[in-house]
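Structural description and commentary
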Amino acid sequence: MAIRTMGPSGQYENGLDAAGAALPELLAPAGGLDQMLAAIAAGADAIYAGLGGFNARVSAHGFTDDEFARGCAVAHAHGVRVYVTLNVFVFDDELSDAVALGAHALELGADALIVADAGLACVLRTVIPGVEIHLSTQAGVHSEGAVRLAADELGVERVTTARELTVDEIAALCATGVPIEVFCHGAICIGYSGACEFSALRRGRSAMRGDCTQPCRLAYDLVDEAGQSVVAVEGDRLLCPHDYLGIAHLPELVDAGVASLKIEGRMKNPDYVFNVVRVWRRALDMLRDGAWDPDAVLALERELGRSFNRGFTDAYLRGRSGAELMSFERAINQGVRVGRLVAVGHEEVTVELDAAVAAGDTLEIRFYPGADARPDVPKRWPQVPCPVDAAAGERIVVHCKRKVDAGCEVYLIRSAGVLDQTAAVLERMRAEADAVVLAKRAVETLPFAGVLMDSGTQPEESAESAAARLVFAWQLMDQDPHDELDLSDATVVLDEICRVGDIERTRSLMQRAGRIVCRNLGQVAIARELRVAFDVAAPVFCANRATLAWLRGLGAGRVYLPAELLSNDAERIAELAAEPGVLGPVDADRPELMVCEHCLLTAEGVCATDATGQVRCRDCLRRRQARYLVERDGTRLPVAIDACGRTRIFLS
């Protein structure tokens, strides 16, 4: 593997593509040392990993200090950078420990820290001068204003954007000059990252604390006011999206100026990391060498399909978020299609292949029992071992005891070749790691205690002086479609999302409202530009006094605390909640569980279109009717779809 050189920007340089554009960093996940070594061997430019409990994948295996230090040493020997995730929101009593962990990670060899909590970022800068901080996607950055605010007011060196953005939106963020990191591959949260309290309010385990129970992967029904199901699609995973796959858009992302391409997967096995990283490395090398061929994308996607996936989608990058985004039928591995059954015999089937398979591969036969099938017919598709190596176009006979029919599609869900190659690579990389001799370094105790910032000057206005009416901007889309209502007596709670298409309306609301509540850093940037007074509420997440001080410094008046803190952590935030100008949840009457760009009503069937063939969410009749998402225990969660087609799910 070629050793990469450090450029003046502090990032390892990959060189240029054939058109002269700088190639982005390829950033790989690592949930443990083996994954880290696999990523290095596969050609990653950088690796992100958790160390300790302050990260958004607390259930990942993780590293011992020795493993992490060894991994960093091997990474640096290959010109690979290492970032440590501290991307959860922390309480006052945890700030010192979180900063100490960050300092310790840097001593062990980390190059940068990924942070979501603004207060933690501020304290890290105070205690560790020169620390490199990347802003996590959990901070909810959707707009140019949010990017600039993060760089100017938090001093972050890089911003990771929301997965929901289009290629054009990503290009606009890159044009700010701030290095932009985007997800390119892996699992998608259906709710906007940083704006989801579903797990916290329904299960008592917070996604904002790295302990999400993944409610989006569960089975649901969607019913009307009478309790009748309105679901028209096959399957009951109504909140489960396909996995993100942006490889077909690689040239566009490079042209946009993306600094880093991020692969999701810190909970994934080493074979997943190895296979996915090497395929993306191959794609980047093709672009660098002027050998990019759009016809090769399908082959790259098939190679990626040999690792865990829920099916793939590039819908967000194309500005789409309807049913094509979703994996309604299942929330587990879907693999990649390799053929179909052409004959069924006694305990054996014949498969005609349209892709190569190898002895030891695990094949899955997609058999759908008919409506008249006996109740004891297994619901899971049969999984069978592939007995031989075979090429596309050949036919193979496979042992299968379960009843299936000719015509069923066959998928490869576990590749023996990928597993064998990963095992060989790990044997070599472990030997290299064992050979690394680390110098013993004394660990200095840094003076973390007492670094909390004062919350600053408190607003003179009392809570009682707020404008009387509290209205939510998403509801005003229907009540005020032409931006003409007088809102001078109202407190307008802005949306959680502030993308380029939301900015004009957001500016209008700010100029007409009696008070405004910003729920996104992009809105804070606009409010500061317009010089209007503003309050803040989640997803501008405040869990400690250092964050409160930062928000006060930006000019925020009142700070509304998230519902999940008062539901699950009331004792820990008692002192924060007692600060002047700190209030309870802005949505206390009906707490919001999540907001999605995806319209849940697409589960009812194809959307209606206008005369030009365009879907007009504002005119949709479905969203005027009551809808409830029903959990397995029968709990009905109210659903609202706004005029942009975004879904909001509320606590019952």
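Scroll up for the structure.
A few points on the structure. (Residues numbered from 1 in each chain as written. Predicted model: local features only at pLDDT ≥ 70, side-chain atom pairs only at ≥ 80, totals over all residues. Heavy atoms only, no water.)

**With respect to the overall build of the protein**
Using the following cut-off: Helix and strand definitions follow DSSP, with helices as H or I runs of at least four residues and strands as E runs of at least two, each counted in order from the N terminus. Burial status follows relative accessibility: with a 1.4 Å probe on protein chains alone, a residue under 20% of its type maximum counts as buried, one over 50% as exposed, and anything between as partly exposed. Should any heavy atoms of two residues lie within 4.5 Å, those residues are counted as being in contact.
Within the protein, the secondary structure is distributed over 17 helices and 29 strands. By the burial criterion, 58% of the 652 residues in the protein qualify as buried. Intrachain contacts of the protein at a sequence separation of at least 6 include 69% that bridge at least 24 residues.

**Observations regarding the pairing of strand β3 (residues 25-30)**
Quick reminder of the rule: Two strands pair under a simple rule: DSSP has to find at least two bridges between them.
Counting buried residues along β3, six of its six residues qualify, which places the element largely inside the surrounding structure. The side-chain alternation of β3 yields two buried faces, one formed by E25, L27 and P29 and the other by L26, A28 and A30. Where β3 and strand β12 (residues 260-263) come together, three bridges link them in parallel fashion. Considered in β12, the bridge of E25 is made with S260. Relative to strand β4 (residues 46-50), β3 runs parallel, the two being bridged by four bridges.

**Quick word on unusual backbone geometry**
Note the cis peptide between A538 and P539, where omega equals 15°. Relative to the helices and strands, P539 resides in the loop between β23 (534-536) and α15 (545-554). Residues other than glycine seldom take positive phi values, yet D483 does so here, at roughly 55°. Here D483 falls in the partly exposed class, since its relative accessible area comes to 29%. With phi around 60°, R531 is a residue other than glycine that occupies positive phi space.

**Some details on the sheet that holds strand β18 (residues 395-399)**
Stated formally: Lines fitted to C-alpha atoms define the axes, with helix axes restricted to the stretch in contact, and inter-axis angles between N-to-C directions lie between 0 and 180 degrees.
Within the open sheet, the six strands sit side by side as β17-β16-β19-β14-β15-β18. Their pairing is antiparallel. A strand with exactly one partner marks an edge of an open sheet, and here the two such strands are β17 (383-385) and β18. Each strand of the sheet is rotated relative to its neighbour by a mean of 40°, with strand direction disregarded. When strand β16 (residues 362-366) meets strand β19 (residues 409-414), the two strands line up antiparallel, connected through five bridges. Within β19, the residue paired with E364 across the bridge is Y411.

**Some words on the sheet that holds β23**
One open sheet accounts for six strands, arranged β20-β21-β22-β23-β24-β25; its pairing is parallel. In the strand order of this sheet, the two ends are held by β20 (469-472) and β25 (582-583), each with one partner. In the sheet, strand β22 (residues 513-518) pairs with β23 via two bridges, with the strands oriented parallel. Looking at the pairing, V517 lines up with D535 of β23. Contacts from α15 reach β23, β24 (556-560) and β25 within the one sheet, and its direction differs from that of β24 by about 145°.

**Some remarks on the nonpolar core**
Quick note on the threshold: Think of a nonpolar core as a cluster: buried Ala, Val, Leu, Ile, Met, Phe, Trp, Tyr and Cys residues, connected wherever their side-chain atoms sit within 4.5 Å.
One finds F68, L124 and W280 to be the most contacted residues of the largest nonpolar core, which totals 168 residues. The leading source of residues in this core is helix α9 (residues 270-288), at eleven residues. Not counting residues up to four positions away in its chain, the partners in contact with L124 are L86, V99, L113, V115, V131 and I133.

**Examining the packing of α9 against helix α10 (residues 297-304)**
Note the threshold: Angles below 35 degrees are treated as roughly parallel, those above 145 as roughly antiparallel, those between 65 and 115 as roughly perpendicular, and all remaining angles as oblique. Left-handed describes a crossing in which the near helix is turned anticlockwise from the far one by less than a right angle; the clockwise case is right-handed.
Where α9 contacts α10, the axes come no closer than 9 Å and their chain directions differ by 165°. Judged on the interaxial angle alone, α10 and α9 are roughly antiparallel. Pair α9 / α10 crosses with right-handed handedness. From α9, N275, V276, V279, W280, R282, A283 and M286 reach across to α10, where they touch L300, E303 and L304.

**Description of helix α4 (residues 118-127)**
We count it as follows: What qualifies as a polar contact is a pair of N or O atoms within 3.5 Å, subject to a donor-acceptor requirement within protein and to the restriction that residues adjacent in sequence count only when both atoms come from side chains.
Most of α4 sits inside the fold, with eight of its ten residues counted as buried. Looking at the packing, one finds that the buried side of α4 touches β5 (81-86), α3 (95-108), β6 (112-115), β7 (133-135), α5 (144-154) and α15. Where α4 begins, the capping side chain belongs to D117, and its oxygen is found 2.8 Å from the backbone nitrogen of G119.

**What to know about the environment of V436**
Within the secondary structure layout, V436 lies in the loop between α11 (416-435) and β20. A relative accessible area of 24% means that V436 is categorised as partly exposed. Once you skip the residues sitting within four places of it in the chain, V436 turns out to touch A73 and V74.

**Quick look at the state of the cysteines**
Selection rule: A pair of sulfur atoms, both from cysteines and within 2.5 Å, is called a disulfide here.
Scanning all chains against the criterion turns up zero disulfides. Take C216: it sits in no disulfide, and the sulfur closest to it among the cysteines is that of C189, at 6.0 Å. Left without a disulfide partner, C599 is nearest to the cysteine sulfur of C607, which lies 5.8 Å away. Using a relative accessible area of 13% as the deciding quantity, one classes C599 as buried.

**Side note on the packing of aromatic side chains**
Definition in use: For this analysis, a ring pair means two rings from Phe, Tyr or Trp (six-membered ring only for Trp) whose centres lie within 6.5 Å, classed as stacked if their planes differ by under 30 degrees, edge-to-face if by over 60, and tilted for the remaining angles. Cation placement over rings: the criterion is NZ of Lys or CZ of Arg within 6 Å of the ring centroid and within 35° of the ring normal.
Evaluated as defined, the whole model comprises five aromatic pairs. An angle of 50° between the planes, with centres 6.4 Å apart, marks the rings of F198 and Y220 as tilted. On the criterion of sequence distance, the pair formed by F198 in helix α7 (residues 198-203) and Y220 in the loop between α7 and β10 (221-223) is long-range, its members being 22 residues apart. Of the residues examined, F198 reaches a relative accessible area of 0% and is grouped as buried. Seen from the ring of Y272, K268 lies directly overhead, with NZ or CZ sitting 5.0 Å from the centre.

**Re the pattern of salt bridges**
Quick note on the threshold: By convention in these notes, a salt bridge is any Lys or Arg side-chain nitrogen within 4 Å of a carboxyl oxygen on Asp or Glu.
All told, the structure shown has 57 salt bridges when counted by the stated rule. The residue R366 makes a salt bridge to E364 at a minimum N-O spacing of 3.0 Å. Its relative accessible area of 9% is what places R366 among the buried residues. Since its relative accessible area comes to 1%, E364 is described here as buried. The salt bridge involving E604 is made with R627; its shortest N-O contact spans 2.7 Å. Note that E604 is positioned in the loop between β26 (592-596) and β27 (627-630) and R627 in strand β27, a separation of 23 residues in sequence. Overall, the relative accessible area of 7% leaves R627 in the buried class.

**What to know about helix α1 (residues 33-42)**
Among the ten residues in α1, nine count as buried, and that is most of the element. Along α1, the residues classified as buried are L33, Q35, M36, L37, A38, A39, I40, A41 and A42. Check the buried side of α1 and you find it contacts β3, β4, α2 (65-77), β5, α9 and α11. Positive backbone phi, approximately 110°, marks G43, located one or two places after α1.

**Focus on the side chain of R515**
Looking at the element boundaries, R515 is found in strand β22. Of note is the side chain of R515, whose polar atom sits 2.7 Å from the side chain of D535.

**Focus: the side chain of N309**
By the secondary structure assignment, N309 is in the loop between α10 and β13 (312-313). From its side chain, N309 meets the backbone nitrogen of G311 in a polar contact 2.8 Å long.

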